[in-house]
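# Secondary and tertiary structure notes
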Amino acid sequence: MRSRFHLSVTRLFTNISHRLHWSRSSAVDPVLALSSSFEALCINVMMKQVGHIVDGKEVDSVTGKKFVTVNPATEEPLAEVAEAGFEDVDRAVRSARRAFDEGPWTRMSPWERGKLLQHVAEIIQRRSDELALLDALDCGKPLKDNKYGDLPLCVRIFDYYAGVPDKVAGKVFPSEQSLFNYSLREPYGVVAGIVPWNYPFLNSCIKLAPALAAGNTMVLKMAEQTPLSTVELGRICLEAGIPPGVVNIVNGGPETGAALASHPLIDKISFTGSTETGKKILHAAAERIVPTTLELGGKSPSVVFADADQDQAVAGVLFSGFFNAGQICTTGSRLLIEHSIVDPFLEKLAKRTAALRIGDPTSEETDLGPLVDNVQYERVKKYIEVGQSEGAYRYFVGDGSKPSRGYFVSPLIFTQVTPSMRIAQEEIFGPVLSVLTFREESEAIALANSVAYGLAASVWTRDLGRGLRMAKAIQAGMIWTNTVEYWEPSVPYGGQKRSGLGEDFGLEAFHTYTKAKSVFVNLTNSKLVWGP
Ligand code: NAD
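The paragraphs below set out a description of the structure included in this document. Values in this document were obtained by computation on a predicted structure and should not be read as measured data.

## Overview of the side chain of Ser363
For Ser363, the location among the structural elements is in the loop between α12 (342–354) and α13 (374–389). Its relative accessible area of 12% is what places Ser363 among the buried residues. Reaching out from Ser363, the side chain makes a polar contact with the backbone nitrogen of Glu365 at a distance of 3.1 Å.

## Here's the deal with the pairing of strand β9 (residues 217–221)
With five of five residues buried, β9 lies mostly within the body of the structure. In this structure, strand β8 (residues 190–194) lies alongside β9, joined through five bridges in parallel fashion. Paired with Ile194 across the strands is Lys221, a residue of β9. For the crossover from β8 across helix α7 (residues 200–213) to β9, the handedness is right-handed. As paired strands, β9 and strand β10 (residues 247–249) are joined by three bridges and run parallel to one another. Within β10, the residue paired with Leu220 across the bridge is Ile249. Of the crossover connections in this fold, the one passing from β9 over helix α8 (residues 228–240) to the parallel β10 is right-handed.

## Digging into the pattern of salt bridges
A full pass over the atoms with the stated rule returns 30 salt bridges. Two residues, Lys65 and Glu83, come together in a salt bridge whose shortest N-O distance is 3.8 Å. Here Lys65 is found in the loop between β3 (57–59) and β4 (66–71), whereas its partner Glu83 is found in the loop between β5 (76–82) and α3 (86–101), with 18 residues between them in sequence. Glu385 is the partner of Lys382 in a salt bridge, and the nearest nitrogen-oxygen pair spans 3.8 Å.

## Quick word on unusual backbone geometry
Even without being glycine, Gln416 reaches a positive phi, approximately 55°. Within the secondary structure, Gln416 is located in the loop between β16 (412–415) and α14 (422–425). Since its relative accessible area comes to 55%, Gln416 is described here as exposed.

## Notes on the packing of helix α15 (residues 441–448) against helix α16 (residues 464–473)
At their nearest, the axes of α15 and α16 sit 10 Å apart, and the two run at 30° to each other. With respect to each other, α15 and α16 are oriented roughly parallel. Crossing hand, α15 versus α16: right-handed. When α15 is examined against α16, the residues Glu441, Ala444 and Ile445 are found in contact with a partner set consisting of Arg466, Arg469, Met470 and Ala473. A class-by-class count of the residues in the contact of α15 with α16 yields four nonpolar, no polar and three charged.

About the thresholds
- Residues numbered from 1 in each chain as written.
- Predicted model: local features only at pLDDT ≥ 70, side-chain atom pairs only at ≥ 80, totals over all residues.
- Heavy atoms only, no water.
- Helix = DSSP H or I, 4+ residues; strand = E, 2+ residues; numbered from the N terminus.
- Buried < 20%, exposed > 50% of the residue type's maximum accessible area, 1.4 Å probe, protein only.
- Polar contact = N/O pair within 3.5 Å; in protein donor to acceptor, adjacent residues only side chain to side chain.
- Pairing = 2+ DSSP bridges.
- Right-handed = clockwise from strand over helix to strand, strands pointing away.
- Salt bridge = Lys/Arg side-chain N within 4 Å of Asp/Glu carboxyl O.
- Axes fitted to C-alpha atoms, helices over the stretch in contact; angles between N-to-C directions.
- Parallel < 35°, antiparallel > 145°, perpendicular 65-115°, else oblique.
- Left-handed = near helix turned anticlockwise from the far one by under 90°.
- Contact = heavy atoms within 4.5 Å.
- Nonpolar A, V, L, I, M, F, W, Y, C, P; charged D, E, K, R; others polar.

Printed below as a string of structure tokens:
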């Protein structure tokens, strides 16, 4: 077991860590730390019983109902997890309600709240290797992506929001001499966080940190495929000293999510997931006019012009198209490429795609792990059949070899794709890249905007003016120019069109967890003059 981790750090590691401005701690031997925590984790996780976190305790479901979470690389069970029905959701929401209405949390100074978030960041940092491994086992995400990408970002997210509570103030408005007029930003109360499996620990941190910084309490539900690291996050919050009831975790699938989104004591919903589920959440929220943030699906383009640095663009298209086996909301699943360079570019791209190492996600040498489960595997296979039946050409990218067990799909490039094909329009959420060509900048813009989604785009060009024109013209919440999949906790991020409402990250996310209150004070004894 130990030798598995005595592997060299690959170029991709360096890329990811560079992207996330990660730096190694010189005090810890990462190999030793990881191997010992891996062994501990194997003992800890294998067929372990995992509960919900409610009111500061780990509890079973009221009915005793459970589900099994599976390792997608081996198809073997990992842990038995308590499944929340309505009563469990109700118990968790009431716990969050009490913690908001009565507990010490809302009476704490903003400075104290920030200190607790800082403590969460420190614990995540200390336990990074173990948490990275947990997502590799439960989700199939390659270990190196978690270890050098997600976990350092999670530390920075809590670190960033730890500094916010005592720095964001209300406003005083210029008004008549007789009036004093100011506004406050107040927490909503109980927030429901509902998140998907593709970045388990990271998706949970993205919701939790700003909601807590703003002074809310939360009931958080991770997707049923990957519950383990989110329950661990609940435990970390308790260890950090966040009072019981402030962070509650419930496990379960769509029914649990629906019970949470429609619970009458929820004051705000923050959802990340598919556009279809987003619509259902919005319907549930409409019943009680509950403010809702939605981070939804995408069909993001990588737009490559002939004047781009070809090697840089190939690396970017490869990374954005196949990183996390294409299971990122911002996956560059459409390559829009200038007609004159298509052949040499695809030749280089296919060569690098064929060299990607598919296999055991707990090995640091792996580039592509499995898809998260059999449902996702069948869905992606179906899209590959659809692409072929629509007349797209399956460009050769190696022998497609992959492990015989587990939900692995070899990366695939489709050429001769037309804009109306389903593989050019619909989110596949797997390692399938659709290639379309253009001759003019205006055609590239039209193609980029020709889908219902508007999440992200990358543009590859040496022409600065063109880069800026494209950034203005593309309808998407995040545009990268000559780089891709770059995130900063301080930089807001959200989707346009059917990719969402509102933002994660930055002070914008903090504000989505607060409501404005305006106060007018009469400074004189003057009376209102109205009526007889
Ligand atoms: P999904 O919508 O099926 O599930 C997401 C979450 O919603 C899960 O926790 C699930 O249990 C819950 N859920 C399902 N049905 C529900 C219902 N009726 N009511 C309440 N909750 C319900 O999404 P998925 O397919 O598992 O995840 C992948 C999707 O997430 C993709 O579309 C991807 O683009 C999107 N995503 C978006 C972002 C972003 O920031 N925009 C980030 C990551 C993933």
